[in-house]
Amino acid sequence: DVLVLGGGASGAYVAAQLTDIYQKNVLVVERASRLGGHVNTIDVPGVDHPIEFGVQAYHNLSFVTPFFNRYGINTTVGSGISFTSVPLDQVTAKPVNITVFSAEDQQAALGRWLEFGLKYKEYIYPKYDLPTPLGDAAPLARPFIETVKELQLEPIVLSLEDAHWANDLLALPTLQAVSTFGFPWFDGTPLVVPESHNNTELYGKIQEHLGDKVRLNTHIQSVRRDQEGSIKSIVRGPGGCTKVYSKHVVVAFVPTEDNMAPFDTTDEEDGLFSKWDCVTMFNGLLTIEGMPNATDLDPVSSDPDRYFVPKRPNARFINLADTPYSAAYVVGEPGFDTEDAKHFLEERLTTIREAGAFPVGDKPKYWGFDDHSPLVCSVGQEEMVAGFWSDITALQGQRNTWYVGQAFAADLSAYVWAQAQEVVDAVIKKL
């Protein structure tokens, strides 16, 4: 019935819903050796629980805990990582004296940011749903720096959750800033994790349930969609090539021009898929000689006019308290691959050591390192005003092709699942 291309958060959710709830015949094709996408869980010596260096927790929207429970997984309250941030210039690694705001100023700015996000929630949740013309949604198209100035968000802009993932946060459209770094973190929704504290557990259960309906280490060779609605695909895995015939195909990865190359795309599709600007992002778990305990070596700009917000490329290191392990995050230039990211990361460690404040080693041990690209995909203000979101939303269901994932919703697992559920509902109506 349905071919699902990609087994990350959105693809795994689509497959689970179609098989469990609707008993449809589904095949999932995933290029990695497991389902779960940006979930990265690893067991390491000296720690009595798994360590996550990808997805940390899940926003407990109304359907999230029941989804875990369906696979026999209980959830518990998620706890964050405790650390002290040390701002270091992203070029020189010298300490930066950033502006310190009072708790009252920070709280007031958070209130303004939350109020703004909730005002535009209808355009953001469960999916990006902006009209053409933008009308009341026009503020979501402007660069975030304009929203910072209007709402006087200077006290909080550098501390927004996960903002270092955001390419150049200040240039990012306010739509992505508010969805991924805004109201979902501040509206009171609790965070949960599996009781096992193993975020991979859910995807392992889904994979076990799907059985031979999952093809891992498998790549798309071609997808051809004929006028009668039949879809003929060829995928290549460890056993060679397989032809797959399906009624519908769900694209569960970011439909960039490169990613969609195996498809028989139209000029309209190519024109839209070529517009994305995405972050090249890598996550890792390392041991770094000399890394201070429970410390975040945080790359920042020295420019107060940028509110100290860094540009890409940058690398961030956070030691997990009372362990020898540190999470590492690299936001690279377009085209960065894994080796480029590691090279940049090690050069950054050298710069930090030579700056004199922290005698860290520049030859870390890599326990895990994963490419999360492309991430935080957006289009500019001009494209948004010209109707990009209406146009790309209109592609849903055309030629029996559907799109799910973080390009179409806030880049948070629960929000991605909510968008995917809307697509599942639409597919069922067509089957």
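In this convention, every chain numbers its residues from 1, walking through the sequence in written order. Local features in this predicted model are restricted to residues whose pLDDT is 70 or higher, and side-chain atom pairs enter the listing and the counts only when it is 80 or higher, whereas totals over whole chains, interfaces and linings include all residues. To obtain the side-chain values, all non-hydrogen atoms of the structure were used and water was disregarded.

Describe the overall build of the chain, with residues and values.
By definition, any uninterrupted DSSP run of H or I lasting at least four residues is a helix, any uninterrupted run of E lasting at least two residues is a strand, and each is numbered from the N terminus. Each helix and strand in the chain was counted, giving 12 helices and 20 strands. Two things to know: the radius of gyration comes from C-alpha atoms, and the globule rule equals 2.2 Å times the number of residues to the power 0.38. Whereas a compact globule of 431 residues would reach a radius of gyration of roughly 22 Å, the chain reaches 22 Å, a difference of no more than 12%. In terms of principal-axis extent, the alpha carbons of the chain reach across some 65 × 55 × 40 Å. Under the scheme applied here, a residue whose accessible area is under 20% of the maximum for its type counts as buried, over 50% as exposed, and between as partly exposed, the area being computed with a 1.4 Å probe on protein chains only. For the chain, the proportion of its 431 residues judged to be buried stands at 55%. Accessible area for the chain stands at about 18000 Å²; split by element, carbon and sulfur atoms hold 49% of it. When the 33 basic and 56 acidic side-chain charges of the chain are each reduced to a single mean position, those positions are 6 Å apart. For the accessible areas, the method is Shrake-Rupley and the probe is 1.4 Å, while residue cover comes only from the protein chains on display. Here the positive residues are Lys and Arg and the negative ones are Asp and Glu; neither His nor the chain ends is included. Where a charge lies is defined by one atom per residue type: Lys uses NZ, Arg uses CZ, Asp uses CG and Glu uses CD.

How would you sum up the pairing of strand S10 (residues 219-225)? Please name residues and give values.
The sheet contact formed by S10 and strand S11 (residues 231-237) spans 6 bridges and is antiparallel. Along S11, the bridge assignment pairs Arg 224 with Lys 232. Pairing between two strands requires that DSSP report at least two bridges joining them.

Hey, could you go over the packing of helix H1 (residues 9-20) against helix H7 (residues 200-210) for me, with residue numbers and the actual values?
Viewed as axis vectors pointing N to C, H1 and H7 meet at an angle of 45 degrees, and their least axial separation amounts to 10 Å. Comparing their axes, H7 and H1 come out oblique. Seen along the crossing, H1 lies across H7 with a hand that is left-handed. Two secondary-structure elements touch here, H1 through Ala 9, Ala 12, Ala 15, Ala 16, Thr 19 and Asp 20 and H7 through Tyr 203, Ile 206, His 209 and Leu 210. Classification used: nonpolar for Ala, Val, Leu, Ile, Met, Phe, Trp, Tyr, Cys and Pro, charged for Asp, Glu, Lys and Arg, polar for all others including Gly. Within the contact of H1 with H7, the residues separate by chemical class into 7 nonpolar, 2 polar and 1 charged. Here an axis means a line fitted to C-alpha atoms, over the contact stretch when the element is a helix, while the angle between two N-to-C directions is reported on a 0 to 180 degree scale. Comment on the angle field: the value is read as roughly parallel under 35 degrees, roughly antiparallel over 145, roughly perpendicular from 65 to 115, and oblique elsewhere. Here a crossing is called left-handed whenever its near helix is offset anticlockwise from the far helix by less than a right angle, and right-handed whenever the offset is clockwise. Contacts are assigned to residue pairs with any non-hydrogen atoms lying within 4.5 Å of each other.

Lay out the state of the cysteines with the relevant residues and their values.
Cysteine sulfur atoms are paired as a disulfide whenever they fall within 2.5 Å. One pass over the full model with this rule turns up 1 disulfide. Two residues, Cys 278 and Cys 377, share a disulfide whose sulfurs are 2.1 Å apart. An S-S torsion of about 115 degrees defines the bridge between Cys 278 and Cys 377 as right-handed. Of this pair, Cys 278 sits in strand S14 (residues 277-287) while Cys 377 sits in strand S19 (residues 375-378), placing them 99 residues apart in sequence. Cys 377 gets classed as buried once you look at its relative accessible area, which sits at 2%.

Please provide a residue-by-residue account of the sheet that holds strand S12 (residues 240-246), values included.
With respect to topology, 3 strands assemble into an open sheet ordered S10-S11-S12, the strand pairing being antiparallel. At either margin of the open sheet sits one strand with a lone partner, and together these are S10 and S12. Strand-to-strand twist across the sheet, computed as the mean angle between neighbouring axes with direction ignored, equals 15 degrees. As defined by bridge partners, S11 adjoins S12 across 7 bridges and the pair is classed as antiparallel. Looking at the pairing, Arg 236 lines up with Cys 241 of S12.

I'd like a description of the side chain of Thr 180, backed by residues and values.
Take Thr 180: it is sitting in helix H5 (residues 174-181). In protein, a polar contact means a hydrogen-donor-capable atom and an acceptor-capable atom, both N or O and within 3.5 Å, with residues adjacent in sequence counting only if both atoms are side-chain atoms; elsewhere, any N or O pair within 3.5 Å suffices. In terms of polar contacts, Thr 180 uses its side chain to reach the backbone amide nitrogen of Asp 411, at 3.3 Å.

Provide a residue-level description of unusual backbone geometry, including the pertinent values.
The linkage connecting Arg 312 with the following residue, Pro 313, adopts the cis geometry, with an omega of 0 degrees. Structurally, Pro 313 is set in the loop between strand S15 (295-300) and strand S16 (314-319). Residues Ser 373 and Pro 374 are joined by a peptide bond in cis, for which omega reads -10 degrees. Mapped onto the elements, Pro 374 comes out in the loop between strand S18 (365-371) and S19. Phi at Asp 322 takes a positive value of approximately 65 degrees, unusual for a residue other than glycine. Within the fold, Asp 322 resides in the loop between S16 and strand S17 (325-332).

Would you mind going over helix H12 (residues 413-430) in detail, with residue names and values included?
Expected helix span is given by 1.5 Å per residue-to-residue step, counting one fewer step than there are residues. Compared with an ideal rise of 1.5 Å per residue, which puts 18 residues at 26 Å, H12 spans 26 Å between its outermost C-alpha atoms and is within 8% of the ideal. Across the 18 residues of H12, 13 count as buried, placing the element largely inside the fold.

Can you break down the pairing of S14 residue by residue, with the values?
Within S14, 10 of the 11 residues are buried, leaving the element largely enclosed by the surrounding structure. As defined by bridge partners, S14 adjoins S19 across 2 bridges and the pair is classed as antiparallel. Bridged to Asp 277 within S19 is Ser 378. Note: S14 against S17, 8 bridges, orientation antiparallel. The partner of Thr 287 across the bridge, within S17, is Tyr 325.

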